[in-house]
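Coordinate analysis (summary)
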Amino acid sequence: MIDRIWSGKSPLFLLLLPLAWLYGLISNLIRFSYKAGLKKSWRAPVPVVVVGNLTAGGNGKTPVVIWLVETLQQHGFRVGVVSRGYGGKAESYPLLLSEETSTAQAGDEPVLISQRTGAPVAVSPVRSDAVKALLASHELDVIITDDGLQHYALARDVEIVVVDGIRRFGNGHWLPAGPMRERRSRLRSVDAVITNGGTAHSGELAMILQPGKAINLLTGEHRDPASLQNVVAMAGIGHPPRFFATLKQLDVNVQNEVAFSDHQPYTLDKLSGVAQSGQVLLMTEKDAVKCRSFAQPNWWYLPVDAKIEGVLAEKLLQKISDLILKKIR
């Protein structure tokens, strides 16, 4: 129902417009208070790059963060990542992630980023506290913040917005009448717009999610996903249909699709009946990080990598590199 409302296919959004106008008023007042100096932003001693979005729901920010971290690491820079840690609940904040940190403590995206990149990661609802914790324990050249475009209490040097190329901005209204956290006009003030799928508009960086081999959660075996038979596809992400569409493009033999809410906590009891005897449970990598401790032999996941190329991508990376080198010197 919410997808129909936000996409403009249902007139029910009209009933939510008063709440949307209130949301927009509060959002604009918060941003203005920082721009006018009424509230102070904390500035880190190293460059801060924000990867965020204008809409609610999954747009593909985490793959972009991983791409950015790995690319900067390949250039020899020391990269740290901060996140709010949505979906996790730590005993205290800021929380520095270790190999033992669970998704229940830190949230699924921070654990995934930590495992994929090896970069130091910290979470806190107050992102400046997470940055300070990272810098106190690591020598870093740059901080990437996963989400946080609207978290103006943390000053930033580069802003990157990720857009779902298929859904774009829906009906264009603020939450809850539409998907917007900020108006589309906000794009004029950011450093880069990365479009995930669909058709990138002029000035936007085109991105595709490139799937790899399916990986068994227990054994680590790699296999062509199309070779898996009797598959039950499972996704607990912001927009599950994107994962299911990917499997169809890969000619995976999907017998059933199961969608969970984003940041859904899992247990063995919860998932034991999803795939029956003789079936394979194939999930996203984001789901897999929450299931490793109780994974079953027939559970697999499909990792994806962001592929972002072209002149605009090179300019973005050069801008970040120049900011880092300027600080180092």
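Residues numbered from 1 in each chain as written. Predicted model: local features only at pLDDT ≥ 70, side-chain atom pairs only at ≥ 80, totals over all residues. Heavy atoms only, no water.

Looking at an unreviewed UniProt entry, one finds the chain named Tetraacyldisaccharide 4'-kinase, with Rahnella bonaserana as its source organism. Looking at the Sequence similarities (unreviewed entry) heading of the UniProt record, one finds this comment for the chain: "Belongs to the LpxK family." Per UniProt, the chain has the following entry under Pathway (unreviewed entry): "Glycolipid biosynthesis; lipid IV(A) biosynthesis; lipid IV(A) from (3R)-3-hydroxytetradecanoyl-[acyl-carrier-protein] and UDP-N-acetyl-alpha-D-glucosamine: step 6/6." (UniProt positions renumbered as here; feature names shortened; annotations may be inferred.)

Considerations on the side chain of S83
Residue placement: S83 occurs in strand β2 (residues 79-83). Reaching out from S83, the side chain makes a polar contact with the backbone nitrogen of G85 at a distance of 3.1 Å. (Helix = DSSP H or I, 4+ residues; strand = E, 2+ residues; numbered from the N terminus. Polar contact = N/O pair within 3.5 Å; in protein donor to acceptor, adjacent residues only side chain to side chain.)

Examining the packing of aromatic side chains
Applying the stated criterion across every chain, the model contains 4 aromatic pairs. With a centroid separation of 6.1 Å and an interplanar angle of 55 degrees, the aromatic rings of F243 and F244 are classed as tilted. Summarising the aromatic geometry, the rings of F260 and Y266 are spaced 5.4 Å apart at their centres and angled 70 degrees between planes, so their arrangement reads as edge-to-face. In this structure F260 comes out as buried when scored by relative accessible area, which is 17%. (Phe/Tyr/Trp six-rings, centres within 6.5 Å; stacked < 30°, edge-to-face > 60°. Buried < 20%, exposed > 50% of the residue type's maximum accessible area, 1.4 Å probe, protein only.)

Structural notes on the UniProt feature "binding site: ATP" (unreviewed entry) in the chain
Here, UniProt's "binding site: ATP" (unreviewed entry) annotation points to T55, A56, G57, G58, N59, G60, K61 and T62. Considering the arrangement of structural elements, one finds A56 in the loop between β1 (48-52) and α3 (61-74). When residues no more than four places from it in sequence are discounted, the contact partners of A56 are W6, L175, P179 and R181. On the secondary structure map, N59 appears in the loop between β1 and α3. Among the residues examined, N59 registers a relative accessible area of 3% and is labelled buried. Ignoring sequence-local partners within four residues, the contact set of N59 consists of N53, V162, V163, D164, R167, N196 and R242. Polar side-chain contacts of N59 include one of 3.2 Å to the backbone oxygen of V162. (Contact = heavy atoms within 4.5 Å.)

Considerations on the packing of α3 against helix α5 (residues 108-117)
Look at α3 against α5: their axes get within 10 Å of each other, and the N-to-C directions meet at 30 degrees. When the interaxial angle is binned, α3 and α5 end up roughly parallel. Judged by the twist between their axes, the crossing of α3 over α5 is right-handed. Within the contact between the two elements, α3 uses T62, V65, I66, V69, E70 and Q73 and α5 uses E109, L112, I113, R116 and T117. (Axes fitted to C-alpha atoms, helices over the stretch in contact; angles between N-to-C directions. Parallel < 35°, antiparallel > 145°, perpendicular 65-115°, else oblique. Left-handed = near helix turned anticlockwise from the far one by under 90°.)

Things to note about the pattern of salt bridges
Overall, the coordinates contain 17 salt bridges when judged by the stated rule. A salt bridge links E159 to R186; the nearest nitrogen and oxygen atoms lie 2.8 Å apart. Of this pair, E159 sits in strand β6 (residues 158-164) while R186 is found in the loop between β6 and β7 (192-196), placing the two residues 27 residues apart along the sequence. In this pair, the class of E159 matches that of R186, namely buried. A salt bridge links E182 to R186; the shortest N-O distance between them is 3.2 Å. Under the relative-accessibility criterion, R186 is labelled buried at 3%. Salt bridges sharing common partners tie together R156, E159, E182 and R186. (Salt bridge = Lys/Arg side-chain N within 4 Å of Asp/Glu carboxyl O.)

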